[in-house]
Amino acid sequence: DVQLQASGGGSVQTGGSLRLSCAASGSTFDDSAIGWFRQVPGKEREGLACIKISDGSTYYEDSVKWRFTISAENAKNTVYLQMDSLKPEDTAVYYCAAGTYYSGRYCGNFNSWGQGTQVTVSS
């Protein structure tokens, strides 16, 4: 029931940084969450990090836990993904989606998806 749009992608060298933004609008609920995903052609979509909107609780997948940071600026209805120490294998289309927060595991029940933003990391 939430509409959102990812932006902020671009091209960066290995070791560089980017900050992606996800602008959200529409109805939310107590367990509502925003998650970041990426996808490379021919491979499965990969969850990266998600955040519970109501209290800021977060969950990270191990692959990005030490390099990526998810945060929310509720006054602007925006969720960010700060990406540091980027590697060529981070090259993908990045998406944000609205779902449900679950304690102890990645968020799920994603029903609303924004259009992706391309991230390219050159070696």
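Scroll up to find the structure.
Overview of the structure. Predicted, not measured: the structure shown is a model, and the values here were computed from it. (Residues numbered from 1 in each chain as written. Predicted model: local features only at pLDDT ≥ 70, side-chain atom pairs only at ≥ 80, totals over all residues. Heavy atoms only, no water.)

## Concerning the overall build of the protein chain
Step number 1: Per the secondary structure count, the protein chain includes zero helices and eleven strands.
Step number 2: Listing every helix and strand of the protein chain by position from the N terminus yields β-β-β-β-β-β-β-β-β-β-β.
Step number 3: Here the C-alpha atoms of the protein chain give a radius of gyration of 13 Å, agreeing with the 14 Å that 2.2 N^0.38 yields for 123 residues.
Step number 4: Projecting the C-alpha coordinates of the protein chain onto the three principal axes gives extents of approximately 40 × 30 × 25 Å.
Step number 5: Looking at the 123 residues of the protein chain, the share that counts as buried comes to 41%.
Step number 6: Within the structure as shown, the protein chain displays about 6500 Å² of accessible surface, and the carbon and sulfur contribution to it stands at 44%. (Helix = DSSP H or I, 4+ residues; strand = E, 2+ residues; numbered from the N terminus. Rg over C-alpha atoms; globule rule 2.2 N^0.38 Å. Buried < 20%, exposed > 50% of the residue type's maximum accessible area, 1.4 Å probe, protein only. Areas by Shrake-Rupley, 256 points an atom, 1.4 Å probe, with all protein chains shown as cover.)

## Thoughts on the packing of aromatic side chains
Step number 1: The final tally for this structure, using the stated rule, is six aromatic pairs.
Step number 2: Considering the side-chain rings of Tyr106 and Phe110, the 6.3 Å spacing of their centres and the 40 degrees angle between planes classify their relative orientation as tilted. The two residues Tyr106 and Phe110 agree in class, both being buried.
Step number 3: Three or more aromatic residues joined by ring pairs make a cluster, and in this case those are Phe37, Tyr59, Tyr106, Phe110 and Trp113. (Phe/Tyr/Trp six-rings, centres within 6.5 Å; stacked < 30°, edge-to-face > 60°.)

## Remarks on the pattern of salt bridges
Step number 1: Evaluated as defined, the whole model comprises five salt bridges.
Step number 2: Between Arg67 and Asp90 there is a salt bridge, and its shortest N-O distance comes to 2.7 Å. Taken together, the residues span a long stretch of sequence, with Arg67 in the loop between strand 6 (58-60) and strand 7 (68-73) and Asp90 in the loop between strand 8 (78-83) and strand 9 (92-100) at a distance of 23 residues. Taken individually, Arg67 and Asp90 each receive the classification buried, so the pair is uniform in this respect. (Salt bridge = Lys/Arg side-chain N within 4 Å of Asp/Glu carboxyl O.)

## What to know about the pairing of strand 3 (residues 18-26)
Step number 1: Sheet analysis places strand 1 (residues 2-7) next to strand 3, joined by six bridges and oriented antiparallel. Residue pairing across strands places Ser7 opposite Ser21, the latter belonging to strand 3.
Step number 2: In the sheet, strand 3 pairs with strand 8 via six bridges, with the strands oriented antiparallel. What sits directly across from Ala23, in strand 8, is Thr78. (Pairing = 2+ DSSP bridges.)

## What about the nonpolar core?
Step number 1: Judged by nonpolar contacts, the single largest core of 26 residues is most densely connected at Ile34, Trp36, Phe68, Ile70, Leu81, Met83 and Tyr94.
Step number 2: Sorting the residues of this core by element identifies strand 1, strand 3, strand 4 (32-39), strand 5 (46-52), strand 7, strand 8, strand 9 and strand 11 (117-122) as the ones contributing at least two each.
Step number 3: In terms of residues, this core owes the most to one element, strand 9, which gives four residues.
Step number 4: Of all hydrophobic cores here, the second largest spans eight residues; its members include Ala33, Cys50, Ala97 and Phe110. (Core = buried A, V, L, I, M, F, W, Y, C linked by side-chain atoms within 4.5 Å.)

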